[in-house]
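# Per-entry structural report
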Amino acid sequence: WYDITLCGQPMRFPVTTNTHIISLDDALSEEQFLTRLLDSLQPNDVVYDIGANLGVVSILLARQSAATEVRIEAFEPIPDNIAMLRDNLGRHEADQVIVHPLALGATAGRVTLDIEGNQFEVPVSPGQDIASASGHPPTVLKIDVEGAELDVLRGVSDLLDQPTVRELFIELHPGFMAQRGDSQQSLDTFLTQRGYRLVWSKQRNLETHLHYRAAEVQP
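### Overview of the sheet that holds strand 11 (residues 196-204)
If you trace the seven strands from one edge of the open sheet to the other, you get 5-4-3-9-10-12-11, paired in mixed fashion. Strand pairing shows two members of the sheet lacking a second neighbour, strand 5 (98-100) and strand 11, which therefore form its edges. When the angles between neighbouring strand axes are averaged without regard to direction, this sheet yields 15°. Relative to strand 10 (residues 167-172), strand 9 (residues 140-143) runs parallel, the two being bridged by four bridges. In the sheet register, Leu141 faces strand 10, and the bridge partner there is Leu168. The strands that helix 5 (residues 127-134) touches are strand 3 (46-50), strand 4 (71-75) and strand 5; relative to strand 4, the one it contacts most, it runs at about 140°.

Now the structure itself:
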């Protein structure tokens, strides 16, 4: 078992590998980023936790939003993580979180992921297709997808153009993005062309945390 306190919330997670411990330790170094996410929530928001991993962020969101009827949808494509995500949500009484066992991307289909030498073929769907099917378009996005950030954003471009999405919280992985031919500049251009402005950023090791907001929203 591994105990952490994050954003004032105590949590306990079963761990079976060093990767799980590293992931939880990483979350502790993201407290400012996560506090901004939690503070941005408004009643009746729909939050997409994209790259939910072990469920830390979804659990925080569920606790923060218990009295405000915020809808939380978690997206995680890796089979082992999906099982642990569901288990952790149950352990922390966050059963209201809707789990989608898939990746979000620019187009529907399947993609092969290589995780520490293990390959997984997983389903992919554009986020705007999920929103259309559910009738609950997201108002807040949290994205942590190891370099596929722009693919996720391209898959919700219709929602960004409206704009349905008010706030975006992105953990940017420049090295992995470069392998795809993308960059922070191309992501910034994509969002600013759709009326979003960068209101906060912070470097963390090789990643950068970004907070974008629809330009029409007051600071």
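There's plenty left to go through after this.
### Some words on the side chain of Asn81
Turning to its location among the elements, Asn81 is positioned in helix 4 (residues 79-91). The residues contacting Asn81, other than those within four sequence positions of it, are Asn53, Leu54 and Glu76.

### Some words on the pattern of salt bridges
Scanning the model with the defined rule gives 15 salt bridges in all. Close ionic contact of Arg204 with Glu207 constitutes a salt bridge, the shortest N to O distance being 3.0 Å. For Arg204, a relative accessible area of 9% translates into the label buried. According to the relative accessible area criterion, Glu207 is buried, its value standing at 16%. Because the salt bridges share partners, they merge into one network encompassing Glu30, Glu171, Arg204 and Glu207.

### Comments concerning the packing of helix 2 (residues 31-40) against helix 3 (residues 56-64)
Axis separation between helix 2 and helix 3 bottoms out at 10 Å; the angle between their running directions is 35°. Two packed elements cross with a definite hand, and for helix 2 against helix 3 that hand is right-handed. Only Val57, Leu60, Leu61 and Gln64 of helix 3 make contact with helix 2, whose side of the interface consists of Leu34, Leu37 and Leu38. Taken together, the residues that form the contact of helix 2 with helix 3 break down as six nonpolar, one polar and no charged.

### Considering the nonpolar core
By size, the foremost hydrophobic cluster in this structure holds 32 residues, and its most contacted members are Met11, Val56 and Leu61. Elements represented by at least two residues in this core include exactly strand 1 (2-6), strand 2 (9-13), helix 1 (18-28), helix 2, helix 3, strand 4 and helix 4. For this core, the leading source of residues is helix 3, giving six residues. For Val56, the residues in contact, after removing those within four places along its chain, are Leu6, Met11, Phe13, Leu24 and Ala27. Judged by nonpolar contacts, the second largest core, of 30 residues, contains Ile130, Leu141, Ala148 and Ile170.

What counts, and where the lines are drawn
Residues numbered from 1 in each chain as written. Predicted model: local features only at pLDDT ≥ 70, side-chain atom pairs only at ≥ 80, totals over all residues. Heavy atoms only, no water. Pairing = 2+ DSSP bridges. Helix = DSSP H or I, 4+ residues; strand = E, 2+ residues; numbered from the N terminus. Axes fitted to C-alpha atoms, helices over the stretch in contact; angles between N-to-C directions. Contact = heavy atoms within 4.5 Å. Salt bridge = Lys/Arg side-chain N within 4 Å of Asp/Glu carboxyl O. Buried < 20%, exposed > 50% of the residue type's maximum accessible area, 1.4 Å probe, protein only. Left-handed = near helix turned anticlockwise from the far one by under 90°. Nonpolar A, V, L, I, M, F, W, Y, C, P; charged D, E, K, R; others polar. Core = buried A, V, L, I, M, F, W, Y, C linked by side-chain atoms within 4.5 Å.

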